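# Coordinate analysis (summary)
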Amino acid sequence: MATGQHSVTGHKLSAEQANLVRSALESLVSSDAFAPSKRCQDFLRLVVEHVLAGDLDSLRERMIGAEMFRRPVDYDTSNDAVVRVRATEVRKRLAQYYREAAQTPVVRIDLQPGSYVPEFHWSSPGKVADQVTTPVPSQAIASRSRRTLWLAVSAVLVCAGLLAIIWLQSRTKVQSNNTLRLSLGLPKGVNLHRNWHPFEHIAVSPDGQTLAFAATDAAGQSFLWIRALSSPEAQRIEQTEGALLPFWSPDSQFIGFWAGAKLKKVQRLGGVPEMIYSVPEIAQGAWGLDGTILFARAVNSPILRISPTDGTVTPVTSLLPGEVSQMWVQFLPDGKHFIYLARTSLTSNDPGAKIYAQSLDGGDPTLLLATQSRAIAVPDYLLFAQDQNLFAQRMDWKAVRKVGQPLLLAPNVAASPAYLGTSEFTASQNGVLIYGTATGSSFDQFNWYARDGAVIGSFEPVIDFQQFTLSPDGKHLALNSFHQHATGSLWLIDLTSNTTTPLTTDPHAQSDPVWSPDSRYVAFNLLPNGGSDPPYLVQKIEIGTQQSQPIYGDHERHWVEDWSADGGFLLTHDTKTFSIIPVTGNSKPKALYSSSSVKDEFHLSPDGQLIAYGENRAGTWDVFVASFPSFHDIKQVSLAGGVQPRWRGDGKELFFIDPQGKMMSTSVERGSPPKIGIPRKLFDTGLVPDPTVNQYAVTEDGLKFLVLEPRKGFLETYSVVLNWPATFK
């Protein structure tokens, strides 16, 4: 500790001292020392805010790994040093900042080696009480943070209008019989669709003042966002990476959400998110008047209740015979009953799907209506979508019964029935309705590109595909879609006849198709429980038979990535460890390479001597090439980030996509180590690169590239209706 300084622990800080610490924190994260590393900024914010909140128990290696880096809550810290590595980098940047500082700061923030609890040192004990710095306004902090994004969000809902602002700022219940409809829009580069998480969901606060949603920015990162309807722009809530399915507290002060294998909550004004309960599977929640929280998992699970007193979890429903899902739970206005959507199938058409109501005290569920859409309960009404039309069913909630026939509220509401009943609408408890409408097809489009970027062909898929692989003979595509199953199913496109058929008739979830070198078989992962529970199976299927054959399966994840050129084994990984699995004989996996970094997209060179893959070593994905099977010679290929490596048929050229979506090419010469050329740009793909999803394919000769890119002309808009019940008067 420097001479003349003293330290104060977090729980002893006054409000004024905490403001001084936060001001010092903002100076740090906006400095030249921390500006190049968003991860280091986030790490420092996290540990400082935990101390200021008095939550020192969360500042343990495993807890930080789970909260910030999305590790499982029981991950092995001895084999995964991600927290230690990041803390070391933060300490270096702190030292750089204070070394270059022009004057001694009022508050110095230190992170001692071996500790994740920051210390706060004041330059003069006698001045602590007197030196009160005005806290940085939250809007200024949010503005500064937004400037660090690749694409800032100027507004999620564009130009709400003066009348709406006056009404919302009055904070009174709407009494007018006049309905106001306002056009809303999303800024370029930010959308409500998350790669590989088909849960489009917006949630307006009970008081009708604020909209919460999880959105993906142009860099492919998902965060929780809020938008006060009286404000022209949205604000990102920090430390909410991976957020999905927001839900509000009854007083509209907190937002619950799922991220990183946990249900969490965060204040609407921001701050450090708090864990509500550990839930490995994606979960959707509802918040009751007495603090009770209900949550639902997508597959094979009843609705569960978290006690507001002791945090114990107990089921409040049971799966009825034939039910495979209970989701979209929401409290009724009385806070003592709730509703949910029960499904008997995870296919796109489930005639057995129904909305039920039930008491928190137990008893049999009450059937409300048959629909494949989630529903929202508000005073006197139940809102639901049917065939992309939004309806309001008048209800007598005291008797839990319908009154009259459903009334049409809005046509062409964006909905995805294959996604467990997702529809894009939300409503407050005081008459605010927000819904999305869509024009044009949302399906991505396939375009063929030449090496110079010229479009030389295209075709339109008939269903929504997420990733794909091209057969070595160039005649078929194997694709992943959510059309048949909520967590994935496989399809086949015959490129010669342009016909689309299911690859297999198995009703369970499937993912990650890869082709055999002779284009005769497809290997894939079969997930009987939707991917949320084991077993995790590896199977293969002969094209045209639709009957799969087992290869291997256990309780460990082995995501299939490639098939060796000699046909003898499959390349698999569990995100950290790379393995091979023989296709015949003893199919037990053999691990060949493991490290603490996340890895994906393993592809073997045609001669089997080299392997290319993507790895995230320091917060950035890069492409690497290594000798196979030894992994002794590892060479970085990309210079400033890259994903999805693919080999040319002769193994002398490697392709990948850089962070800006450019298709890159580099030469590869055999040797020990191999000689890697300088990457050069071929053309712009227009993609937001995803390091774990196949977004393009290249023909064996390296002359044509097939890219699955977002459809141009697809437009989603959002509308607000104030005092919507007045439309029926």
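No experiment lies behind these values; they were computed from the predicted model shown.

### Examining the overall build of the protein
- In terms of regular secondary structure, the protein is built from 6 helices and 55 strands.
- Expressed as a percentage of its 729 residues, the buried residues of the protein come to 54%.
- In the protein, the share of contacts with a sequence separation of at least 24, taken over all contacts with a separation of at least 6, comes to 47%.
- Here the protein has roughly 30400 Å² of accessible surface; of this, 51% comes from carbon and sulfur atoms.

### Focus: the packing of aromatic side chains
- The full count for this structure, using the stated rule, is 22 aromatic pairs.
- A centroid spacing of 5.1 Å and a plane angle of 80 degrees characterise the contact between Tyr97 and Tyr98, whose relative ring orientation is edge-to-face.
- When the ring centre of Phe223 is taken as reference, the NZ or CZ atom of Arg236 above it lies at 3.8 Å.
- Lying across the ring of Phe624, Arg617 places its NZ or CZ 4.0 Å from the centre.

### Brief notes about the packing of helix H2 (residues 38–52) against helix H4 (residues 82–100)
- In contact at an axis separation of 10 Å, H2 and H4 are set at 95 degrees when each is read in the N-to-C sense. The angle between H2 and H4 places the two elements in the roughly perpendicular class. Between H2 and H4, the contacting residues are Arg39, Cys40, Phe43 and Leu44 on the first element and Val83, Arg86, Ala87, Glu89, Val90, Arg93 and Leu94 on the second.
- Class assignment of the residues belonging to the contact of H2 with H4 gives a composition of 7 nonpolar, no polar and 4 charged.

### Some words on the confidence of the model for the protein
- Summing up the model confidence of the protein, the mean pLDDT is 82 and the portion of residues at 70 or higher is 82%.
- In this model, residues 1–11 is a region of pLDDT below 50 whose contacts with residues beyond four sequence positions or in other chains number 25 contacts.
- Here residues 194–198 scores under 50 on pLDDT; set against residues more than four positions off or in separate chains, the count is 21 contacts.

### Describing the nonpolar core
- By size, the foremost hydrophobic cluster in this structure holds 46 residues, and its most contacted members are Leu263, Leu294, Val329, Ile339, Leu368 and Leu382.
- Broken down by element, the residue count for this core peaks at 5 residues, all from strand E18 (residues 337–343).
- Aside from chain neighbours lying at most four places away, what touches Leu294 is Gln284, Gly285, Ala286, Ile303, Leu304, Arg305, Val316, Val329, Phe331, Phe338 and Leu360.
- Grouped together as the second largest cluster of nonpolar side chains are 35 residues, Ala18, Leu28, Cys40 and Phe69 included.

### Description of unusual backbone geometry
- The omega angle of the peptide bond from Phe628 to Pro629 is 5 degrees, so this bond is cis rather than trans.
- Within the secondary structure, Pro629 sits in the loop between strand E46 (621–627) and strand E47 (634–636).
- Backbone torsion omega between Ser672 and Pro673 reads 5 degrees, so that peptide bond is classified as cis.
- Take Pro673: it is sitting in the loop between strand E50 (662–669) and strand E51 (675–676).
- Its identity is not glycine, yet Gln239 carries a phi of approximately 65 degrees, on the positive side.
- Phi is positive for Trp328, which is not a glycine, with a value near 55 degrees.
- Topologically, Trp328 is positioned in strand E17 (residues 325–331).
- A residue is classified by how much of its surface remains accessible, and Trp328, at 3% relative accessible area, is buried.

### Topic: the sheet that holds strand E13 (residues 283–287)
- One open sheet accounts for 4 strands, arranged E13-E14-E15-E16; its pairing is antiparallel. Both outer strands of the open sheet, E13 and strand E16 (313–315), are each paired with one neighbouring strand and no more. Pairs of neighbouring strands in the sheet enclose a mean axial angle of 30 degrees, with direction left out of account.
- Pairing geometry for E13 and strand E14 (residues 293–297), over 5 bridges, is antiparallel. Bridge pairing in E14 places Gln284 opposite Ala296.

### As for the environment of Ala450
- Tracing the sequence through the fold places Ala450 in strand E30 (residues 445–450).
- Residue classification places Ala450 among the buried positions, given a relative accessible area of 17%.
- Sequence separation of Ala450 and Gly702 is 252 residues, and the distance between their C-alpha atoms is 9.2 Å.
- With residues up to four places along the chain from it excluded, the contact list for Ala450 reads Ile456, Phe683, Leu703 and Phe705.

### Focus on the pattern of salt bridges
- Considering all chains together, one arrives at 19 salt bridges under this definition.
- Here Lys38 ties to Asp42 by a salt bridge, and the two come within 2.8 Å at their closest N and O atoms. You can see Lys38 and its partner Asp42 sitting in helix H2, 4 residues apart, about one turn around the helix.
- Given a relative accessible area of 6%, Asp42 falls into the buried group.
- Connected through shared salt-bridge partners, Lys38, Asp42, Arg236 and Glu238 make up one network.

### Comments concerning the pairing of strand E49 (residues 653–657)
- Extensive coverage of E49 is indicated by the burial of 5 of its 5 residues.
- Side chains of E49 alternate between two faces, with Glu653, Phe655 and Ile657 and Leu654 and Phe656 buried alike.
- Taken together, the 3 bridges between strand E48 (residues 643–647) and E49 define a ladder with antiparallel strand orientation. Following the sheet pairing, Trp647 is matched in E49 by Leu654.
- As defined by bridge partners, E49 adjoins E50 across 5 bridges and the pair is classed as antiparallel. Bridge pairing links Glu653 to Ser667 in E50.

### Section: the sheet that holds strand E6 (residues 210–216)
- Spatially, E5-E6-E7-E8 is the arrangement adopted by the 4 strands of the open sheet, whose pairing is antiparallel. The open sheet terminates on both sides in strands that have one partner only, identified here as strand E5 (202–204) and strand E8 (235–237). For this sheet the average axis-to-axis angle between neighbouring strands, irrespective of direction, equals 30 degrees.
- Where E6 lies against strand E7 (residues 222–228), 7 bridges are found, and the strand directions are antiparallel. Its bridge partner being in E7, Thr216 is matched across the sheet by Ser222.

### Thoughts on the packing of H2 against helix H3 (residues 61–69)
- H3 packs onto H2 with a crossing angle of 125 degrees between their chain directions and a minimal axis gap of 11 Å. Between H2 and H3, the crossing angle belongs to the class labelled oblique. The hand of the H2/H3 crossing is right-handed. Every residue of H3 that contacts H2 at Arg39, Asp42, Phe43, Leu46, Val47 and His50 is listed here: Ile64, Glu67, Met68 and Phe69.
- Of the residues contributing to the contact of H2 with H3, the split by class is 6 nonpolar, 1 polar and 3 charged.

### A word on the pairing of strand E19 (residues 354–359)
- In terms of residue burial, E19 counts as a mostly covered element, since 5 of its 6 residues are buried.
- Relative to E19, E18 is paired through 6 bridges, and the arrangement is antiparallel. Residue pairing in the sheet places Ala342 in a bridge with Lys354 of E19.
- Connecting E19 to the antiparallel partner strand E20 (residues 362–370) that follows it, the hairpin turn spans 2 residues.

Scoring rules and cut-offs
- Residues numbered from 1 in each chain as written.
- Predicted model: local features only at pLDDT ≥ 70, side-chain atom pairs only at ≥ 80, totals over all residues.
- Heavy atoms only, no water.
- Helix = DSSP H or I, 4+ residues; strand = E, 2+ residues; numbered from the N terminus.
- Buried < 20%, exposed > 50% of the residue type's maximum accessible area, 1.4 Å probe, protein only.
- Contact = heavy atoms within 4.5 Å.
- Areas by Shrake-Rupley, 256 points an atom, 1.4 Å probe, with all protein chains shown as cover.
- Phe/Tyr/Trp six-rings, centres within 6.5 Å; stacked < 30°, edge-to-face > 60°.
- Lys NZ or Arg CZ within 6 Å of the ring centre and 35° of its normal.
- Axes fitted to C-alpha atoms, helices over the stretch in contact; angles between N-to-C directions.
- Parallel < 35°, antiparallel > 145°, perpendicular 65-115°, else oblique.
- Nonpolar A, V, L, I, M, F, W, Y, C, P; charged D, E, K, R; others polar.
- pLDDT = per-residue confidence, 0-100.
- Core = buried A, V, L, I, M, F, W, Y, C linked by side-chain atoms within 4.5 Å.
- Pairing = 2+ DSSP bridges.
- Salt bridge = Lys/Arg side-chain N within 4 Å of Asp/Glu carboxyl O.
- Left-handed = near helix turned anticlockwise from the far one by under 90°.

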